[in-house]
Amino acid sequence: MKEPILVTGAAGFIGMHVARRLLADGHDVVGVDNLNAYYDPRLKQARIAQLETFSNFKFAKMDIGDRQPMAELFAAHRFPAVVHLAAQAGVRHSLIDPYAYADANLTGFLNVLEGCRHAGCRHLVYASSSSVYGANSRVPFRTSDNVDHPLSLYGATKKANELMAHAYAHLFALPATGLRFFTVYGPWGRPDMAMWLFTEAILQGRPIVGRLRQIRPGRIRLPIPRRAGHLGKSTMSETASRSR
């Protein structure tokens, strides 16, 4: 492979689509993912199978939190560009397994930064999150808004990613672009998202129970109906309507 692009989280929803577009455009791509069980690994394997139909794709199953394998990967390929999408996702899950967020989103991101630094990467594009806006009450959000008050550990790790990337850009002249994704839906999407959960309940005739509160300003606020099949009227802010 000649100057392949690294896509971490290649078995994820966004990662698969990014990798597939790069491959279709003729780029060589190395995809990395640990295929963890945050949701059904079979969906992740099926996404990788889609990418493996391209001859210019190579998959490496590894955890970005493992320092030595990541260093060896960067040394072997010296990627000119990196699209870093691997992370432990989910706001609510961070209440259950906080260490997974530290391992993937902090240690893993540091391993990517170090790999980029030593490989002479010319541009790092990485996934931040709209969760960094936290307690910010002004909408629509702006990239210039203060984001010093995250309301979840997940949001805090993504804010930390932005600070770490800023430091590496200053110290080592590493060009880096962070993308503050909002909620993303589409083909091959994550099954833990509300749209799929609600649809499954409706098709199975189960009540949609529980109570959703607004985790962060700008997210979709859905009043929960008492029975399946009646979604009621939802309210969506201008900012939340942007898809990622």
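Presented here is an overview of the structure given in this document. Starting afresh in each chain, residues are numbered from 1 along the sequence in its written order. Side-chain atom pairs in this predicted model are given and counted only at pLDDT of 80 or more, local residue features only at pLDDT of at least 70, and totals for whole chains, interfaces and linings cover all residues. The basis for the side-chain values is all heavy atoms of the structure; hydrogens and waters are excluded.

1. Some words on the nonpolar core
Piece 1. In these notes, a set of buried Ala, Val, Leu, Ile, Met, Phe, Trp, Tyr and Cys residues joined through side-chain atoms within 4.5 Å is what counts as a nonpolar core. For the exposure calls, accessible area comes from a 1.4 Å probe over protein chains only, and a residue counts as buried if that area is under 20% of its type's maximum, exposed if over 50%, partly exposed in between. Within the largest apolar cluster, 23 residues are counted, with the highest numbers of intra-cluster contacts made by Leu-6, Phe-74, Val-82, Cys-116 and Leu-124.
Piece 2. For this core, the secondary structure elements donating two or more residues are strand S2 (29-33), helix H3 (67-77), helix H4 (98-119), strand S5 (123-127) and helix H5 (153-172).
Piece 3. Considering every element that reaches this core, the biggest residue donor is H4, with 5 residues.
Piece 4. Counting residues in each nonpolar core, the second largest holds 17 residues, with Val-29, Leu-35, Phe-57 and Val-83 among its members. Here a strand is any run of E in DSSP of at least two residues, a helix any run of H or I of at least four, and the numbering for each starts at the N terminus.

2. So, the pairing of strand S6 (residues 176-179)
Piece 1. One ladder, built from 4 bridges, connects S5 with S6; its direction is parallel. Opposite Ala-127, over in S6, you have Leu-179 as the bridge partner.
Piece 2. In this region the chain leaves S5, passes through H5 and returns to the parallel neighbour S6; the handedness of that crossover is right-handed. One bridge is not enough; two strands pair if DSSP finds at least two bridges between them. Crossovers are marked right-handed if the path from the first strand over the helix to the second runs clockwise, as seen with the strands pointing away from the viewer.

3. Describing the packing of aromatic side chains
Piece 1. Here the aromatic set is Phe, Tyr and Trp, taking the six-membered ring for Trp, and pairing holds for ring centres within 6.5 Å; pairs whose planes are under 30 degrees apart are stacked, those over 60 apart are edge-to-face, and all others are tilted. Following the criterion strictly, the structure yields 8 aromatic pairs and no others.
Piece 2. The positively charged end of Lys-44 is found above the aromatic ring belonging to Tyr-39, 4.6 Å away from the centroid. For a lysine, the NZ atom is tested; for an arginine, the CZ atom; a charge sits over a ring if that atom is within 6 Å of the ring centre and within 35 degrees of the ring normal.

4. Let's talk about the packing of H3 against H4
Piece 1. Throughout, an axis means a line fitted to C-alpha atoms (over the contacting stretch in the case of helices), and angles, computed between N-to-C directions, take values from 0 to 180 degrees. In contact at an axis separation of 9 Å, H3 and H4 are set at 30° when each is read in the N-to-C sense. In terms of orientation, H3 and H4 fall into the roughly parallel class. Considering how the two elements wind past one another, H3 and H4 form a crossing that is right-handed. Contact with H3, carried on its side by Arg-67, Met-70 and Phe-74, involves Asn-111, Val-112, Gly-115, Cys-116 and Ala-119 of H4 and no other residues of that element.
Piece 2. Looking at the contact of H3 with H4, its residues break down into 5 nonpolar, 2 polar and 1 charged. For classification purposes, angles smaller than 35 degrees are called roughly parallel, those larger than 145 roughly antiparallel, those between 65 and 115 roughly perpendicular, and all remaining angles oblique. Each helix crossing is assigned a hand: it is left-handed if the near helix lies turned anticlockwise from the far helix by less than a right angle, otherwise right-handed if that turn is clockwise. Contacts are assigned to residue pairs with any non-hydrogen atoms lying within 4.5 Å of each other. Just so you know the grouping, Ala, Val, Leu, Ile, Met, Phe, Trp, Tyr, Cys and Pro go in nonpolar, Asp, Glu, Lys and Arg go in charged, and all remaining residues, Gly too, go in polar.

These figures come from the coordinates and say nothing about function on their own.
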